[in-house]
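For reference, the chains in residue letters:
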Amino acid sequence: MKVTRRDLLVWSAGAAAGLMVTPAPWKILDDVSIWSQNWPWIPQPAHGPVEVRQSFCTLCPNGCGLRVRIAAGWPVGVAGMKTHPVTRGALCPLGFGAHQLNWHPQRLRNVQHHGKTSSWRDAQAAFAKARNEGSVVVVDGYPGRAASAVLQRFARKQGGSYRVVASAESRALAPYESWSGLPSSDLGYDLENAQTIVSFGAPMLDGWGTPGRFTQLWAERAAGISDPELRLIQIEPSLSRSAARAWKWIAIREGSESALAAGLARVLLEQKLVPAHGPVPALTIAEAAKQTGLSADAICDLARSLVARPPVLAIARDRDPAVAALNVVLGSVGARGGIIRRGHKTETYLSADTEISNARAVLIDSSVPWNFVPQTEGETFRFAAWGGGSTKADWLLPAFGFLEELTDVPTPPTSAIEIYAVAPALAKPTTDVRSAAQFLAALDADVSSPEKIIHGRCAELFRARQGTLDAQESIHIEKIPSLAKFEEQLWSGAVWVGEPSPVGGLHCELKSWPASAPPAPRENWASDWPAPVLPPLASKLYRESNLREAPERSKV
Amino acid sequence: MSARYGMVIDLDRCTGCGSCMVACAAEHNVPALPQATARTGLTPMLVRKVSNGREGADRREVFIPIMCMHCEHDTPCVKVCPQQAVEVDKDTGIVMQMPQRCLGCRYCMTACPYHARYFNWWDPAWSPGMEKSLNPGVAARMRGVVEKCNLCHARLHAAKEKAAMAGKREIDPADYIPACVEACPTGAIRFGNLADANDAVSKEARSPDAFRLLARLGTAPELYYKSKESWVRALADASSGGTPEVQHG
C-alpha cells in the first residue's frame with residue numbers, strides 16, 4: 001500500500017485528536033508533576049519507633065516542662081507538659097521549634113582561638129596556664145543548677161569569684177535584697193493571690209517570667225471580662241501586646257516609670273490610702289505629672305484604682321528601686337499576693353555586669369546570653385552552643401545544645417514556690433562538645449560532676465520528706481517508698497514541688513525614698529535567648545508575618 | 001456517626017504570641033526558607049494584627065489567627081479546582097487538599113475569600129542534619145502545589161489507628177487535638193465536634209459573642225471567632241462595617 005502525504009496528515013491529525021480523549025497525556029502530566037516534586041535529594045523524615053518522653057527546656061532559667069516526641073532516636077516535636085505545676089503545658093513560641101536548633105547553621109562545631117580552629121587540648125592547656133598565673137572568674141547565666149555548683153566550687157577553690165548574669169526579672173527583685181538583707185534569688189512574686197497587678201513596662205503577657213504562668217492566670221481570671229477578678233494595669237509608652245490585652249493601659253512618656261511610681265506613692269501616703277507609713281518621695285505630684293505626661297488627676301485616679309482591689313503587686317521591667325519602694329508603701333512586701341520569700345537560701349551572687357578587675361582568665365558558661373561582654377582585660381574562655389556573630393572572646397568552646405545534656409532544673413527566678421526537676425539528655429550531641437563543668441572537672445579532679453551533685457540533691461530532698469512530686473498526679477513525698485523510686489520518677493519528668501512558704505519572713509526597711517535609676521534599655525524580644533540565634537521556624541513570627549520585629553543581631 | 005470538626009477562637013484571649021504558627025509549621029514539616037517572605041512564605045496558620053484605626057490612648061488592637069475556614073456550603077476552593085484536588089470529607093467536615101493531585105494552577109487561592117491558601121514556591125530544604133528533626137507522620141512539603149490547614153489530619157489518622165487497635169469505632173477526642181490548639185498558652189483556640197450539641201466547643205459556637213468571618217457569603221465556615229468587643233465583631237463582615245486597620249502578614 002502506498003502511503004501518501006495526505007494519509008500521513010490524516011493519521012497525524014487523528015492521533016492528535018485521539019490522544020486528547022485518552023487519559024494518557026493527563027496521566028503523564030500528573031506523573032511528571034509528582035516525580036518532579038519528589039526528587040531523591042528532597043529530604044524525607046526519618047522513620048523509626050516513636051516515643052514520647054518528658055523533659056525540661058534549659059535554654060533559659062525558666063525551665064518549662066516539655067513533652068518531646070522522639071523518632072528514630074531524634075527529637076521530632078516539642079509540646080508543653082500539662083502536668084508541670086508552673087507552666088501547665090505552656091511554652092514560649094520559640095520552644096516549639098527548639099528541637100531544630102541542634103542543626104542550626106550557626107552551631108559551634110569546633111574550638112576556636114581568635115577565630116581560627118583549635119583543639120580542646122590547646123584550650124585546656126591555655127586555661128591551665130592562665131589559672132596558674134592569676135585568678136579565675138567564672139560567669140554563670142543560670143544559677144542554682146548542679147553545674148553551677150561545680151563552677152562555683154572551682155572559682156572558690158582557685159581564689160577567684162563566681163558571678164551571675166541575671167535576667168531582667170531577677171534584676172527587678174534586687175532592690176529588696178538591700179532593704180531586707182535576704183538574697184533576691186530567694187524572693188518571688190505571688191501572682192496567684194494578687195488581685196491587681198500594675199506593670200511598669202514588664203511584658204506580662206509576652207514572655208515575662210515563666211511563659212505560661214501569668215498568661216494562664218490572666219486567661220482564667222481576666223481575659224474578655226470587663227470587671228475581672230485579676231486586674232492588669234499596664235503602664236507603657238506604646239501599645240504593646242500586654243497593653244493591648246490589659247484591663248487598663250496607661251500611656252506615659254518613655255523612661256518616666258520611676259517618676260510615676262514616686263507620684264503614686266506620694267498620693268497614697270498623702271491621701272492616706274494605705275495604712276503604711278514610709279518616706280514621702282521628694283517628687284511632687286505636679287512634677288510627676290510633668291515627667292510622665294499624665295495629668296495630676298490621672299495619677300490620683302490611678303492610685304485609687306490600685307488600692308481598690310487588693311492585694312496589689314507592682315512589677316518593674318528591670319531594676320527600678322522606685323517601683324520596689326511603691327510595693328513597700330502598698331504593703332505588698334512579705335504579704336499574700338505580693339513579693340514573698342519562697343525558701344531559705346542565704347547566698348547572694350555577685351553581678352557580672354560590673355567591672356571584673358585583676359582576673360587572669362574569665363570563663364563564661366553557655367547559659368550566659370551571647371550578647372554579654374565581660375568588662376575585663378583577662379583572657380576570655382566562652383562556652384556556647386551557637387555563635388551569634390562577632391565576639392570579643394579569645395576562645396570559643398562548643399557546648400551542648402538543646403536536650404543534649406543531663407541537667408537539673410532549679411526554681412525559676414520569679415516563682416512563688418520552690419521546685420526541682422531533672423532534664424535528661426534526649427538527643428545525641430551532633431558535634432564534639434563539652435560543658436564548662438566538664439572542662440573544669442578535667443582540670444581539677446576534686447571538682448565533683450554535675451551528675452553526682454544531682455544525685456546528692458535528690459537524696460537531700462528525699463530525706464527532708466517535704467513537698468510533693470507532681471507527675472500525672474501529685475503525690476506527697478512521704479508516700480514514695482524509696483530514694484531509687486523518687487529518682488526514677490524525677491528522671492522521667494516528674495517535678496518536686498516544695499511546701500508553700502508561710503507569709504511573712506520578709507520585711508523591708510525603707511529609710512528614704514530611693515534615687516531614681518537610669519531607665520534600663522528595652523530588650524528585644526529575642527535578646528534573652530542564650531545566643532541571638534533563633535530556631536529556624538521563628539522566621540514565621542517576623543519574616544513571614546508582621547507579628548514581631550526582626551531580632552537584632554549581636555551588637556558585640 | 002459523622003463528625004463536623006471545627007474551632008472557636010476567642011480573640012479576647014489571644015495575646016498574639018505566635019506559638020500556634022510555630023507549632024503548626026513544626027508539625028507539618030514546613031521549612032524556614034531564607035527566601036520566604038510574608039507574601040511567599042508557607043503559613044497555614046497566620047496571626048494578623050488588627051487595630052480599631054484610632055491613635056493614642058484610644059487605639060485598640062486584637063490578634064486574629066487566620067487559617068482555612070473549612071467552609072461547609074458551596075466551598076469556593078472545591079468548586080474551582082480542575083483536578084479534584086480539594087474535597088470536603090463528609091465524615092469529618094474537613095476540607096482536604098491532596099497535593100499529589102494539585103497542578104498548582106492556584107484557582108483555589110483566588111477563590112478563597114479568606115486568603116488562607118498558600119502556594120509552595122520552593123523545594124523543601126533544611127540545614128544539613130536538620131531533616132532528622134522532621135515529623136515522621138507528615139511528608140515534606142511538595143513544591144509547586146497549594147497548601148493550607150488540614151486540621152492536622154495526620155493526628156486524626158493516628159487517633160483512628162489507635163482506636164482501631166483498641167477495637168473501637170470512635171476515636172477518643174483527647175487523642176485528636178490539632179497542633180495550634182495544643183500550643184495555645186491561653187486556651188484561645190478551642191477545637192471540637194460541632195455536630196455534637198453537647199460538645200463544649202459546639203455550645204460556644206452558638207454563644208451570642210461568636211461570629212464567623214464573612215458569614216454573608218453563605219459558605220458556612222467551621223471556624224468561629226468570639227469577642228465581646230463590638231468593633232472586633234464588626235470586622236467579621238469587613239466590607240459592610242467600618243474601615244478597621246488590618247496589617248497583613
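Residues numbered from 1 in each chain as written. Chains lettered and ligands numbered in written order. Predicted model: local features only at pLDDT ≥ 70, side-chain atom pairs only at ≥ 80, totals over all residues.

**Q** Explanation requested: the overall build of chain A in the structure shown.
**A** Regarding its fold elements, chain A presents 16 helices and 22 strands. In terms of its C-alpha atoms, chain A occupies a principal-axis envelope of roughly 120 × 60 × 55 Å. Residues counted as buried form 54% of the 556 residues belonging to chain A. Partitioning the intrachain contacts of chain A with sequence separation of at least 6 by distance along the chain shows that 68% fall at a separation of at least 24. (Helix = DSSP H or I, 4+ residues; strand = E, 2+ residues; numbered from the N terminus. Buried ≥ 20, exposed ≤ 12 C-beta atoms within 10 Å, placed from the backbone. Contact = placed C-beta atoms within 7 Å.)

**Q** Sorry, what's going on with the environment of H507 of chain A here?
**A** Residue and element names in this part refer to chain A. Among the structural elements, H507 can be located in the loop between β22 (495–497) and α16 (539–542). With 13 C-beta atoms packed within 10 Å, H507 lands in the partly exposed category. Distance from H507 to I250, taken between C-alpha atoms, is 30 Å for residues 257 residues apart in sequence. Filtering out sequence-adjacent residues up to four positions away, H507 remains in contact with S180 and G334.

**Q** Is there a simple way to explain the interface of chain A and chain B in this structure?
**A** By convention, interface size is frequently given as the accessible area that disappears when the constituent parts associate. Each partner contributes to the interface: chain A provides 53 residues, whereas chain B provides 54 residues. Ranked by residue count, the leading element in the side of chain A that touches chain B is strand β3 (residues 74–80) of chain A, at five residues. Split into classes, the residues belonging to the side of chain A that touches chain B amount to 29 nonpolar, 17 polar and seven charged. (Nonpolar A, V, L, I, M, F, W, Y, C, P; charged D, E, K, R; others polar.)

**Q** Looking at this structure, how should I read the environment of R317 of chain A?
**A** Structurally, R317 of chain A is set in the loop between β12 (312–316) and α12 (321–330). For R317 of chain A, a count of 24 C-beta atoms within 10 Å translates into the label buried.

**Q** How should I be thinking about the sheet that holds β3 of chain A in this particular structure?
**A** Pairing between the strands of a sheet is mediated by backbone hydrogen bonds and can be parallel or antiparallel. Residue and element names in this part refer to chain A. Spatially, β1-β2-β3 is the arrangement adopted by the three strands of the open sheet, whose pairing is antiparallel. Two strands in the sheet have a free side with no partner beyond their single neighbour: β1 (50–56) and β3. For this sheet the average axis-to-axis angle between neighbouring strands, irrespective of direction, equals 30 degrees. (Pairing = 2+ DSSP bridges. Axes fitted to C-alpha atoms, helices over the stretch in contact; angles between N-to-C directions.)

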